[in-house]
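Chain and residue survey
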Amino acid sequence: MDIFDDERDDLKMKPQTLSGMVYDRLLDLIMSNVVSLDAKINVDDLAKKFGVSKTPLREALKSLEKTGLVTFKPYSGYSIKTFTSREIEELYAIRVLLETYAVQQILERVSEDHIGQLKKIQAYIEAHLDTPKIKLFKMNRGFHDYFYSISDSPKLCEMIGLLWDNLSFFRMLLIQEEDYVENMKSEHWEYIDALEKRQEDRLKHLLVTNLKGHAERIPRLVREHYDDQPKREESVRLDPPMVSVALFE
């Protein structure tokens, strides 16, 4: 079966949200490495594979360009961006700053209803752990999106979401790890417990520790993922040490 069959059928079902749906499908393909890092995007070819016109595809690519995941060069077109170790270090450092600030806003506004909803989301995730990895990624993101939405700070949540998009490919590599599911479950329940007890210092410590752990794993995961693609590994340029411990202190 053509890997794009599902995407084509789904896109035709909801033309009113075509650009947004194309955006989601492109992100899925990048995360799944169907469209590889550093690959050039053939707009005509991809539009045919999706079964859509070039207009919604270009709109989706412009949106992805704003996230930093896609780049555009005149006379060359769109391509998937590669990240240097310094750039990923910077993305995680910014996440630490934004998300620890978000914790302060969350604790000022959190209610028992919010905590109850987080528990429901987590229960749903744990009932669907056998789902495909990309859907597991989305469920995990849904948990965090709701967590940060408690801050009632739309712009802050938007910025955090863009950083998640930037790092989506690398987070998909993290999902391949054997201990990912257990770590995710533990992480989420610790967040809920700390939030329920209104423990700001503990919640910030958990967040920073988890981000640091993710960042430190990425160079090894990229090398392992591209063992059979040495040129592409070189383009990503994730040579350890990648992240300064000072960024997380």
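Residues numbered from 1 in each chain as written. Predicted model: local features only at pLDDT ≥ 70, side-chain atom pairs only at ≥ 80, totals over all residues. Heavy atoms only, no water.

A short note on the environment of Asn166
Structurally, the position occupied by Asn166 is in helix H8 (residues 154-166). Overall, the relative accessible area of 9% leaves Asn166 in the buried class. Between the C-alpha atom of Asn166 and that of Leu91, which follows or precedes it by 75 residues, the distance is 8.1 Å. Beyond its immediate sequence surroundings of up to four residues, Asn166 is in contact with Thr67, Gly68, Leu69, Phe83 and Leu91. (Helix = DSSP H or I, 4+ residues; strand = E, 2+ residues; numbered from the N terminus. Buried < 20%, exposed > 50% of the residue type's maximum accessible area, 1.4 Å probe, protein only. Contact = heavy atoms within 4.5 Å.)

Focus: unusual backbone geometry
Here the phi dihedral of Asp152 falls at roughly 55°; this positive angle occurs in a residue that is not glycine. Mapped onto the secondary structure, Asp152 falls in the loop between helix H7 (133-149) and H8. Assessed through its relative accessible area of 58%, Asp152 is described here as exposed. Positive phi, normally seen in glycine, also occurs at Arg198, with a value near 55°.

Describing the packing of helix H6 (residues 112-127) against H7
Running from amino to carboxyl end, H6 crosses H7 at an angle of 175°, the nearest separation of the two axes being 10 Å. By the angle between their directions, the pair H6 and H7 is classed as roughly antiparallel. On H7, the residues that touch Asp113, His114, Gln117, Leu118, Ile121, Gln122, Tyr124 and Ile125 of H6 are Leu136, Met139, Asn140, Phe143, Tyr146 and Phe147. Grouping the amino acids of the contact of H6 with H7 by side-chain chemistry returns 9 nonpolar, 4 polar and 1 charged. (Axes fitted to C-alpha atoms, helices over the stretch in contact; angles between N-to-C directions. Parallel < 35°, antiparallel > 145°, perpendicular 65-115°, else oblique. Nonpolar A, V, L, I, M, F, W, Y, C, P; charged D, E, K, R; others polar.)

So, the packing of aromatic side chains
Applying the stated criterion across every chain yields a total of 4 aromatic pairs. Considering the side-chain rings of Phe147 and Tyr148, the 5.1 Å spacing of their centres and the 85° angle between planes classify their relative orientation as edge-to-face. Residue Phe147 is classed as buried on the basis of its relative accessible area, which comes to 1%. The buried category is assigned to Tyr148, whose relative accessible area is 3%. (Phe/Tyr/Trp six-rings, centres within 6.5 Å; stacked < 30°, edge-to-face > 60°.)

Points about the side chain of Asn140
In this structure, Asn140 sits in helix H7. Not counting residues up to four positions away in its chain, the partners in contact with Asn140 are Ile125, Trp164, Arg171, Tyr180, Met184 and His188.

What to know about the pairing of strand S1 (residues 70-73)
Alignment of S1 against strand S2 (residues 77-80), held across 4 bridges, turns out to be antiparallel. Bridging across to S2, Thr71 finds its partner in Ser79. A loop of 3 residues connects S1 with S2, the two strands running antiparallel in sequence, and Tyr75 in this loop sits at a positive phi of about 70°. (Pairing = 2+ DSSP bridges.)

Observations regarding helix H10 (residues 180-196)
In this model H10 runs 24 Å from its N-terminal to its C-terminal C-alpha over 17 residues, within 8% of the 24 Å that 1.5 Å per residue would give. Buried within H10 are the following residues: Tyr180, Val181, Met184, Glu187, His188, Tyr191, Ile192, Ala194 and Leu195. At the exit of H10 stands Arg198, carrying a positive phi of roughly 55°. (Expected span 1.5 Å × (residues − 1).)

Some remarks on H7
Over its 17 residues, H7 extends 24 Å from the first C-alpha to the last, a length consistent with the 24 Å expected when each residue adds 1.5 Å. Listing the buried residues of H7 in full gives Ile134, Leu136, Phe137, Met139, Asn140, Arg141, Phe143, His144, Phe147 and Tyr148.

Points about the pattern of salt bridges
What the rule picks out here adds up to 15 salt bridges. Note that Arg86 is salt-bridged to Glu89, the shortest N-O span being 2.3 Å. Remark: Glu89 and Arg86 occur in helix H5 (residues 85-109); sequence separation between them is 3 residues, near one turn of the helix. A residue is classified by how much of its surface remains accessible, and Arg86, at 48% relative accessible area, is partly exposed. With a relative accessible area of 14%, Glu89 lands in the buried category. Taking the shortest distance from any N to any O, the salt bridge between Glu108 and Arg109 comes out at 3.6 Å. A residue is classified by how much of its surface remains accessible, and Glu108, at 59% relative accessible area, is exposed. Each of the salt bridges in this network shares a partner with another, and the network as a whole consists of Arg141, Asp145 and Asp165. (Salt bridge = Lys/Arg side-chain N within 4 Å of Asp/Glu carboxyl O.)

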